[in-house]
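Examining the three-dimensional arrangement
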Amino acid sequence: MKNNLYRIRVIFFSFLLISESLAVHAKGRLPEDVLKQLNTYNVTWNTLSLNGSMGSMPLGNGDITANVWIEKGGDLMLYIGKSDTWSEATRLLKVGRVRISLSPNPFVEDTYFSQTLNLYEGEINVSAGTKGNETKLKIWIDANQSVVRVETDAKKNISISCTTELMRPKPYTLLSPDEPLASSFRGVVNAPVRPSESADVLVKKTDRIYWYHRNESSFYPTIFTKQNVPELLAKYPDPYLHRTFGAAILGTNMQPLNDSTLISAQAGKKFVLSIYPYTAQTETVAEWEAQLGSLISSISAGKVETARQQHYSWWDNFWDRSWIFISGDADAKNVTQAYLLQRFMMACQSRGTYPAKFNGGNFTFDYKGFNGDYRDWGPGYWHQNNRLFYMPLTASGDYDLLKPWFNIYKNMLGIQSDVTKKYYGHGGAFFPETFNFFGLFLQDDWGWDNVNGKASDQRWIRYHYSGALEVLTLMLEYYDYTKDEAFVKEYIVPFATQAIRFFDQHWPRISNTIRFVPANSIEQFWDCVNPVDYIAGLRYAIAKLNHLPEKFIEKQLLNEWNNCLKSLPPIPMTQDKQKVLPAEAYGQRRNNENPECYVIFPYKLYGIGHPDLIVAMNTFNDRLWKQTSCWSQCPIQAALLGLTDEAKNGILKNIASLEPDVRFPVFWKPFRDYVPDLDNGGVFTLALQHMILQNVDDKIYILPAFPKSWNVDFKMHAFGNTTVRVKSHGAKINQLDVYPLERKKDIIVGSM
């Protein structure tokens, strides 16, 4: 009887959440039928976390993030992250860890408990306690302001305390490259001066608690000097030195107990805790404190209720941009859940100064003996790994989430152009495969003894230059979707100019044809002649550049690009021209990749709606590495070829890539990267999108690789500022809405 009553309460609380969402939606944009579907994918837990932050839920506003969990002992815990908290040892650190305790404690065993990630409202709702004595919590990170809110609503008076638990209570020095933490410092692990991080600092205040971490040293000058460009230090200011980050916590009717803990001044039912994370480079701590104070004053001047409604409005607009709901069997529901949660997780962490990182993003947690500051593969960005969870953001219409990825390359353009000129004496810019957030190679990859070098010591990436062409491709596809002419002027033309100029000028011409040697074919082959990723990327990108508005491209520049195009060698193929090869000549295999399939994706030269589909099929079917999970692209390429069963099987493997001890359904298992493995979610998302909709020139293919046993309700974006909504039952289209209406003539159902 007790268990039945418990289940009834859980169901009733879930019903209340849906009803409350519908009430908020009364003034929203999201269609009611879509909202009802979305609410069925809220994540609800009815037990406390048994293993700490491994049992956490993600929350965020694009810049500030939090892993949220409630421990078995009854405390609400938050791991707070931010996109710009780079330490003096180059790592991306957590802002802090916060513990919130309630008295009497509602989170005791054998009492009702519910914790729900409310997707539509971008918040976590908690309800716990005995009947008539329930306490509710609302945790949200303001979508429009830099503040984390924790609100209580109790039936009876409670007391509350909030403690910051410093992540770095004492200084740390990595004494040896063999230490367990070494991978987290990758980039400076082998530095002659051991990488160190200072202790966090608590500051005594009368009305709040707050703390900070401040960089009083920097590896930046060392990196420039070791990479043989010390003269550029005067031109590009150090982004590490004096970077200060931390947070302040204030609460209604709360006061400091000591330097680290706030307590309620008196018992009450409603409390609002406000956590204000902040990062800035300032000459003094006092300046940082003053800026944080101004931020707090500005946000506090508004009403929490008004801010909350504006927060709800942002999330309403977000979910109205696009959606995918699949039904038909259990697999279909699991795919839907994975898609929605992966997209939510990107919205939580990709509107900050810097893009999310492939190896955990901003949601790292305590894992296998390491705390949330740790991540395998360190603080650097790896293009091959990072690209795959940014590429889906065009079809979902999440253009604002793409900007940090574009901006990191735009901001590197100056440094990389200057470095190219210094090393090679010609124009253009190369972009390292593994790089710091400001540019240049990760120093461990460049090599600490590479004194007079002009290329990386790492053979895996020494001539791995095609990442720039993939970035350019995504920029061009962004324009195809949005027709944003300002973006052409500010991003595409400057980036394309330098990226293509490097390929045009870096290698010799023989009989007016560029001969790409030495070269990598991605990481798979190190000793290549004319690798396919260079050639396919240039052919695809320059063809698209020719369709940009003429007013933004000088004729001389267009001629330069087209002369490069004319000088390219042909796509390397077998003698019978029936299969694409990784390069014209290549040596030993080094990795688990299929560079020959880059002509299918990311450079869509072959596939549905393109000539010579049989060549693409032969190339794909004969690939050496037939795999998925992490950064393996086989499901994406299968979808682009209309191979429904193979694409479906691939995405099902991706969404099954989970750790049994990690609770949240899309904190993906670290197959090759780190947890959460955002690569894995990115590949799955891209594959699913291409199973549902593909753009080929001015045509829009609907359900080109979609299982007939599944039903779908989707709204997605297409080229030309177009949105498409479809409801299908199996292969039958029951509803097709296209905006603008004139684009309906360009719809093709199926793959032919």
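The following paragraphs examine the structure supplied in this document.

What counts as what
Residues numbered from 1 in each chain as written. Predicted model: local features only at pLDDT ≥ 70, side-chain atom pairs only at ≥ 80, totals over all residues. Heavy atoms only, no water. 1 Å grid on protein atoms, 1.4 Å probe; cavity = no way out; pocket = protein on both sides within 12 Å on 5 of 7 lines; lining within 4 Å. Points joined across faces, edges and corners; volume = space filled by probe spheres on them. Helix = DSSP H or I, 4+ residues; strand = E, 2+ residues; numbered from the N terminus. Nonpolar A, V, L, I, M, F, W, Y, C, P; charged D, E, K, R; others polar. Pairing = 2+ DSSP bridges. Axes fitted to C-alpha atoms, helices over the stretch in contact; angles between N-to-C directions. Contact = heavy atoms within 4.5 Å. Phe/Tyr/Trp six-rings, centres within 6.5 Å; stacked < 30°, edge-to-face > 60°. Buried < 20%, exposed > 50% of the residue type's maximum accessible area, 1.4 Å probe, protein only.

Time to look at the layout of surface pockets. Considered as a void within the structure, the largest pocket measures approximately 910 Å³ in volume. What lines the largest pocket is a set of 42 residues, and nearest its centre among them are Glu477, Asp480, Tyr540, Lys544 and Phe719. Ranked by residue count, the leading element in the lining of the largest pocket is helix 10 (residues 467–482), at eight residues. Along the lines of polarity and charge, the residues of the lining of the largest pocket split into 22 nonpolar, 10 polar and 10 charged.

In this section: the sheet that holds strand 29 (residues 711–718). With antiparallel pairing, four strands are arranged side by side in an open sheet as 19-29-30-31. Edge strands, defined here as strands with exactly one partner in the open sheet, are strand 19 (323–327) and strand 31 (732–739). Here the average twist between neighbouring strands, direction ignored, is 15 degrees. Pairing of strand 29 with strand 30 (residues 722–729), which is carried by seven bridges, proceeds in the antiparallel orientation. Bridge pairing in strand 30 places Met716 opposite Val724. Its contacts with the sheet put helix 17 (residues 678–692) on strand 19 and strand 29, and the angle it makes with strand 29 is roughly 100 degrees.

Per the counting criterion, the structure on display carries 70 aromatic pairs. Both rings, one in Tyr367 and one in Tyr674, keep their centres 5.7 Å apart while their planes meet at 85 degrees; by these two values the pair is edge-to-face. Of this pair, Tyr367 sits in the loop between helix 6 (330–349) and strand 20 (381–382) while Tyr674 sits in the loop between helix 16 (644–655) and helix 17; the two residues are 307 residues apart in sequence, bridging distant segments of the chain. In this structure Tyr367 comes out as buried when scored by relative accessible area, which is 5%.

This next bit is on the pairing of strand 31. Pairing between strand 30 and strand 31: seven bridges, direction antiparallel. Within strand 31, the position partnered with Val724 by the bridge is Val738. Here strand 30 hands over to strand 31 after two residues, with Gly730 in that stretch at a positive phi of 65 degrees.

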